[in-house]
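Chains, contacts and geometry: an overview
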Amino acid sequence: MLPSRPMRRPFAIAVAGALLAPFFHVATASAAPLKVVATLPILKEFAEQVGREHVEVRTLITGLESEHSYSPKPSDLKALGEARLLLEIGLGLEVWVGGLVKNAGTAGLRVITTSEGVGLIRDHASNAASAGNPHIWLDPENAKVMVRHIANALIAADPVHKDVYLKNLAEYLRRLDQAQKDLLELVASLRDRRIVTHHPAWPYFARRFGFQIEGDIIQQTGMEPSSTHLAEMAKRIKSGKIKVIVSEPQFNQKVVKALADETGARIVVLSPLPGTIKGTETYLSLLAYNVTQLVAALQS
Ligand SMILES: [Zn+2]
């Protein structure tokens, strides 16, 4: 090599450093993904569909817990402290989130309530503080409202990428539309659409796809059903010849099993949250899974 190399090297590094430093600085400033925290995996997925590489989303509930209960970890406080947006369903579902936001003490954090503007169903699952049943995402039409809220929030927080967010939004809305159309076709030929459900997660799903909920085993989350209620459910299933009980992996199966044994109804395990059953890893696969399983059970 050249004898002058030891002399030239520091010079070259200095020049490169001087040229690259401002470039790197600008590049990382605009390319650093927007930090977002979501209460549920479904909201994380919606945010990632719209934000793609421009967002970094962390979810508090991972999908293995019930959507109603959660014990925040110290690392959640840290994540919230660094986040610009917190995505929630609202409607009293995430009762644990208010305290978390307060403890994180983040003045710059915007809380996005994605249920705003959704046509709510008021039933026994709507608690005193809420205007309706919180399981809104199980209707893809509601999912569209939620995704739009998220897109608007991303644009407001990161206007530089507005065009990308709008393009991704349009693409995902198209996919939601198509999935809804396909699944409605699948249900169209069903005659008997009556079901009994484990916990009241399904009214929006049932309304969209035309299923008829004849009763819930658990009427209030966290409460075991009374023997009177179970006897009443058994009577209703037998006299109405209801063929299907919808259960969920997050709940105690013993009660459902007993009810099925007594009445001859079959159990179909569906999930309100993606990832708890194999083959339901994304929102769209969750919807497809729930509809096809239910249709198959009602047909047989
Ligand atoms: Zn629930």
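Up top is the structure.
To keep things clear, this report deals only with the structure shown in the data block. From a predicted model like this one, the values you see are computed outputs, not experimental measurements.

**Topic: the nonpolar core**
In terms of nonpolar packing, the biggest core is built from 66 residues, with Val-36, Ala-47, Val-50, Leu-87, Val-147 and Ile-150 touching the most fellow members. Shared between two domains, this core holds at least three residues of each, these being domain 1 (32-183) and domain 2 (189-299). Filtering out sequence-adjacent residues up to four positions away, Val-50 remains in contact with Val-147, Ile-150, Ala-151, Leu-154, Tyr-165, Asn-168, Leu-169 and Tyr-172.

**A look at the pairing of strand S7 (residues 244-247)**
On S7, burial covers both faces: Val-244 and Val-246 on one face and Ile-245 and Ser-247 on the other are all buried. Examined bridge by bridge, strand S5 (residues 194-197) and S7 share 3 bridges and lie parallel to one another. Following the sheet pairing, Ile-195 is matched in S7 by Val-244. As judged from the 4 bridges shared by S7 and strand S8 (residues 266-269), these two strands associate in the parallel manner. Residue Val-246 lies in a different strand from S8, and its bridge partner there is Val-268.

**Some remarks on the environment of His-198**
Along the chain, His-198 turns up in the loop between S5 and helix H7 (203-209). Taking the C-beta count within 10 Å as the criterion, His-198 has 25 such neighbours and is therefore assigned buried. Taking the C-alpha atoms as reference, His-198 lies 5.8 Å from Ile-218; in sequence the two are 20 residues apart. Excluding residues within four positions of it along the chain, His-198 makes contact with Ile-217, Ile-218, Val-246, Ser-247, Glu-248, Phe-251 and Val-256.

**Some words on the sheet that holds strand S3 (residues 85-88)**
Where strands meet in a sheet, backbone hydrogen bonds hold them as pairs that are either parallel or antiparallel. Pairing in this open sheet of 4 strands is parallel, and the strands run S2-S1-S3-S4 from one edge to the other. Edge strands, defined here as strands with exactly one partner in the open sheet, are strand S2 (55-59) and strand S4 (110-113). Shown here is a sheet whose adjacent strand axes are inclined to one another by a mean of 25°, direction ignored. Alignment of S3 against S4, held across 4 bridges, turns out to be parallel. Of the residues in S4, the one forming a bridge with Leu-85 is Arg-110. Lying on the sheet, helix H5 (residues 140-157) is in contact with strand S1 (34-38), S2, S3 and S4; it crosses S4 at an angle near 160°.

Parameters and conventions
Residues numbered from 1 in each chain as written. Predicted model: local features only at pLDDT ≥ 70, side-chain atom pairs only at ≥ 80, totals over all residues. Core = buried A, V, L, I, M, F, W, Y, C linked by C-beta atoms within 7 Å. Buried ≥ 20, exposed ≤ 12 C-beta atoms within 10 Å, placed from the backbone. Domains from an automatic or database assignment. Contact = placed C-beta atoms within 7 Å. Helix = DSSP H or I, 4+ residues; strand = E, 2+ residues; numbered from the N terminus. Pairing = 2+ DSSP bridges. Axes fitted to C-alpha atoms, helices over the stretch in contact; angles between N-to-C directions.

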